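So the chains spell out like this:
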There are 2 protein chains.
Amino acid sequence: MALDGGELGRSAYVGARVSPQRAAIARAADAMTSAFSVDDLLEAVRRQVPGVGAATVYRAVSAMEASGFVESLGVREGSAIYARCHSGEHHHHLVCTGCGAVSDAECPVAPERYTASDGFRVTGHSLVLYGQCAKCQSAPSSISPHGRGGGI
Amino acid sequence: MALDGGELGRSAYVGARVSPQRAAIARAADAMTSAFSVDDLLEAVRRQVPGVGAATVYRAVSAMEASGFVESLGVREGSAIYARCHSGEHHHHLVCTGCGAVSDAECPVAPERYTASDGFRVTGHSLVLYGQCAKCQSAPSSISPHGRGGGI
DNA sequence: TACAAAGTGAGAGTGATTCTCACTTGATGC
DNA sequence: GCATCAAGTGAGAATCACTCTCACTTTGTA
Ligand SMILES: [Mn+2]
Ligand SMILES: [Mn+2]
Ligand SMILES: [Zn+2]
Ligand SMILES: [Zn+2]
């Protein structure tokens, strides 16, 4: 929320062109408060700019991922899911299994800790933390009442 | 390698029936030294028991995953990949990006470390470590010479 | 303003995974 | 051993997320 329309597009698609469609897609991704699939994003974008093609959103998501604007969180029910990533620093994500809410988390991985084991050299890793957000903990029922309700 | 044929099948399919096909599939999975796709496994199984159906292997892999006999490591080139998991304790995996070799790794995640942040309660997590195994580090070329060569 | 590279959208294509269905078979109790 | 039946099997169809192709637009730059 520190970036206006132009800046946002620029940071979402580093080194690539920013069409009106891509700008809208970046805005929609930026507005997502929880984990989303490409289809979720397509739906949100079309609410603002009808007629945007699905392929365009797939391509834009790849570009945004390459720019670090969004990050892949793996697969949920057959579809890849993503989260808008606000920090440039290396970090990970907490994902609420109730409502899909995402928040940042520090990285607990010390690569050098593993190097010893059997000569393996760790160069990267993938970590996602799952649990319940504050709201979903206080909601007693199985279906979370807040947000759009899309669990993980 | 501490289990004979029968024991192996039993531990691979806890609470489910063990057909000859499933036994062969568990043996093939047990023989995998690196990360494998369902198709890799199907190919290996058919070398021992021709005629095994693809659906059967998909079903067996799901059952083995439910029993903790194999673990999903995510997706590589559009296919889910798995590793045979020998330890019953909670742990993670080091995967060689050169040859696919997998080894066990301690868990560095302390859930309580995150609980504070914003009321989020961490109940689970998914971590995979990537890097180069000792053999692949010493191999200068881009194509690793050892193993079946299937990188990640 | 002119241009070349990059992006767009529709629709076809791909391929991993799942489903269906008629059979077969494993585990259990008698 | 034998009946029983839920569970597993295999072939093929179906699904469906994602990618590709292609004929246009457009963007960013000189
Ligand atoms: Mn983030
Ligand atoms: Mn393991
Ligand atoms: Zn929640
Ligand atoms: Zn290796």
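In what follows, the structure referred to is the one given above.
No experiment lies behind these values; they were computed from the predicted model shown. (Residues numbered from 1 in each chain as written. Chains lettered and ligands numbered in written order. Predicted model: local features only at pLDDT ≥ 70, side-chain atom pairs only at ≥ 80, totals over all residues. Heavy atoms only, no water.)

A. Broad picture of the protein's contact with DNA strand C. Surveying the vicinity of DNA strand C reveals 19 residues, the closest of which are R17(A), S19(A), T56(A), R59(A) and Y58(B). Among the atoms of DNA strand C lying within 4 Å of the protein, the sugar-phosphate backbone contributes 65%. Within the side chain of R59(A), one N or O atom sits 2.7 Å away from a base nitrogen of DNA strand C. Counting residues per element, the ones that place at least two in the surface near DNA strand C are α2 (20-31) and α4 (54-66) of chain A together with α4 (54-66) and β3 (79-84) of chain B. Here the surface near DNA strand C takes 3 residues from α4(B), the largest share from any one element. A per-class count over the surface near DNA strand C returns 7 nonpolar, 7 polar and 5 charged. (Near = heavy atom within 4 Å. Polar contact = N/O pair within 3.5 Å; in protein donor to acceptor, adjacent residues only side chain to side chain. Helix = DSSP H or I, 4+ residues; strand = E, 2+ residues; numbered from the N terminus. Nonpolar A, V, L, I, M, F, W, Y, C, P; charged D, E, K, R; others polar.)

B. Structural view of the coordination of the manganese ion (ligand 2). Residue and element names in this part refer to chain B. Coordination of the manganese ion (ligand 2) by the protein is provided by C85 (SG), H91 (NE2), H93 (NE2) and D104 (OD), with metal-donor distances spanning 2.2 to 2.7 Å. Expressed as a motif, the donor residue spacing for the manganese ion (ligand 2) is C-x5-H-x1-H-x10-D. Remark: D104 occurs in strand β5 (residues 102-105) and H91 occurs in the loop between β3 and β4 (92-96); sequence separation between them is 13 residues. (Donors = N, O, S within 2.8 Å, 3.2 Å for Na, K, Ca; no water.)

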